[in-house]
Amino acid sequence: MMTVLALWVLPAAAQVPSGTGPHLMMRLVADSAAPRSGDTVTLAIDTRPAPGWHGYWRNPGDAGLPSSFAWTLPKGAAVAGEVDWPVPTTLLIAGLMNYVYEAPYAPLATVRVPAGLATGTRLPIKLAITYLVCTTSICVPEAQTLTLDLTVGDGQPTDRARFDAWRAAIPKPLAAVATYQVRDGALALAV
C-alpha cells in the first residue's frame, strides 16, 4: 500500500509551482554551543510547518513517508542511537490515519563528541534530511541540508528552557506490565 500511495503522492507534487518551499522551516540547534570533549551534545531539529502544511512522525501511519537523515560529523563523532521524536497528533484523511505535526516540533539526536579534543577545536555538523510535507490535498517531497558549527569547550548549556521543553515532549517508556486475553473471539488488552 505504501508504494501505491507514494505513486499517488508524487504526481500531486508536480502541481506545486517550483520555488514555493520549503514548507517545513528547519534549523539545527545544540543544547551547548561548546560541548565538552568525550561527552555528548543534544541536537534539535527545530521544525516549523508553514500554515496549512504538516510533517510526519517517524511512523507516518497509513500515508506519508518517514524522514531520512544523512549525518556528516567530525572524525570520531557519532550519533548515539535513534532520533527521538515528540508525540505527534493524528490526522484522518479519506479514511487513512496519519501521525503528523501541524505545529512547531523538534526531533532530538544525541551526538558523541570524540574524547581527547583540545578546547577550541571546531566541530562542524551537517545533516541532509529528506521528508514529505503535505496539506490535506497535496504532498511534496522536500530536502534540506542543515549545518551547525560547534566548538569544544566547557559543555555549559546555551538554552536550557527550550531544550527542557523539547525533551518533555519526547514520550517516555511506560513502566507497566501489559496483559491480554482472547475471550469469545475478542481481544482484551490491559495496561
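One can find the structure itself at the top, above this paragraph.
All of these numbers come straight from a predicted model, not from anything done at the bench.

Visitor: Got a minute to help me understand the environment of Cys 134 in this structure?
Guide: Along the polypeptide, Cys 134 turns up in strand E9 (residues 122-134). The exposure class assigned to Cys 134 is buried, which follows from its relative accessible area of 0%. Taking the C-alpha atoms as reference, Cys 134 lies 44 Å from Thr 119; in sequence the two are 15 residues apart. Setting aside chain neighbours within four positions, we find Cys 134 in contact with Gly 52, Trp 53, His 54, Tyr 56 and Cys 139.

Visitor: What should I look at first to understand the packing of aromatic side chains in this one?
Guide: The geometry of an aromatic ring pair is captured by two quantities: the separation of the ring centres and the angle between the planes. Summed over all chains, the structure comprises five aromatic pairs. Relative to Tyr 101, the ring of Trp 85 lies with its centre 6.2 Å away and its plane at 15 degrees, an arrangement referred to as stacked. Here Tyr 101 lies in strand E7 (residues 96-101) and Trp 85 lies in the loop between strand E5 (78-84) and strand E6 (89-93), a separation of 16 residues in the sequence. Judged by relative accessible area, which is 4%, Tyr 101 ranks as buried. Between the aromatic rings of Tyr 101 and Tyr 105, the centroid separation amounts to 3.9 Å while the plane-to-plane angle is 15 degrees, which identifies the pairing as stacked. Through pairs of rings, three or more aromatic residues link up here, namely Phe 69, Trp 85, Tyr 101 and Tyr 105.

Visitor: Could you clarify how one ought to interpret the sheet that holds E7 in this entry?
Guide: Pairing between the strands of a sheet comes from backbone hydrogen bonds, and it takes one of two forms, parallel or antiparallel. Spatially, the three strands line up as an open sheet ordered E3-E7-E6, and their pairing is antiparallel. What marks the edges here is a single partner per strand, and that holds for strand E3 (55-61) and E6. Sheet twist, expressed as the average angle between the axes of neighbouring strands with direction ignored, equals 45 degrees. By the bridge criterion, five bridges tie E6 to E7 in an arrangement that is antiparallel. Among the inter-strand pairings, Thr 89 is bridged to a residue of E7, identified as Val 100.

Visitor: I'm lost on the state of the cysteines in this one. Help?
Guide: What is meant by a disulfide is a covalent connection between two cysteines, made through their sulfur atoms. Considering all chains together, one arrives at one disulfide under this definition. One disulfide in the model links Cys 134 with Cys 139; its S-S distance is 2.0 Å. Judged by the sign of its S-S torsion, about 115 degrees, the bond between Cys 134 and Cys 139 is right-handed. The same class applies to Cys 134 and to Cys 139, which are both buried.

Visitor: Just checking my understanding: could you explain the pattern of salt bridges for this structure?
Guide: Where side chains of opposite charge bring their charged atoms close, a pairing between them can arise. What the rule picks out here adds up to seven salt bridges. For the salt bridge of Arg 48 with Asp 46, the shortest nitrogen-to-oxygen distance reads 3.3 Å. Overall, the relative accessible area of 42% leaves Arg 48 in the partly exposed class. The class for Asp 46 is buried, based on a relative accessible area of 3%. With its nearest N and O atoms 2.8 Å apart, the salt bridge here joins Arg 162 to Asp 159. A single salt-bridge network, built from bridges that share partners, covers Arg 27, Asp 46, Arg 48, Asp 159 and Arg 162.

Visitor: In this structure, what is going on with a nonpolar patch on the surface? I would like to understand it.
Guide: A cluster of nonpolar side chains, Leu 174, Tyr 180, Val 182, Leu 187, Leu 189 and Val 191, forms an exposed patch at the surface whose accessible area comes to about 760 Å². Listing elements by their share of the nonpolar patch, those giving two or more residues are strand E11 (179-183) and strand E12 (186-190). Secondary-structure assignment places Leu 189 in strand E12. By relative accessible area, Leu 189 is classed as exposed at 62%.

The rules we used
- Residues numbered from 1 in each chain as written.
- Predicted model: local features only at pLDDT ≥ 70, side-chain atom pairs only at ≥ 80, totals over all residues.
- Heavy atoms only, no water.
- Helix = DSSP H or I, 4+ residues; strand = E, 2+ residues; numbered from the N terminus.
- Buried < 20%, exposed > 50% of the residue type's maximum accessible area, 1.4 Å probe, protein only.
- Contact = heavy atoms within 4.5 Å.
- Phe/Tyr/Trp six-rings, centres within 6.5 Å; stacked < 30°, edge-to-face > 60°.
- Pairing = 2+ DSSP bridges.
- Axes fitted to C-alpha atoms, helices over the stretch in contact; angles between N-to-C directions.
- Disulfide = S-S within 2.5 Å.
- Salt bridge = Lys/Arg side-chain N within 4 Å of Asp/Glu carboxyl O.
- Patch = residues over 30% accessible without salt bridge, like charges linked within 9 Å, V, L, I, M, F, W, Y side chains within 5 Å.
- Areas by Shrake-Rupley, 256 points an atom, 1.4 Å probe, with all protein chains shown as cover.

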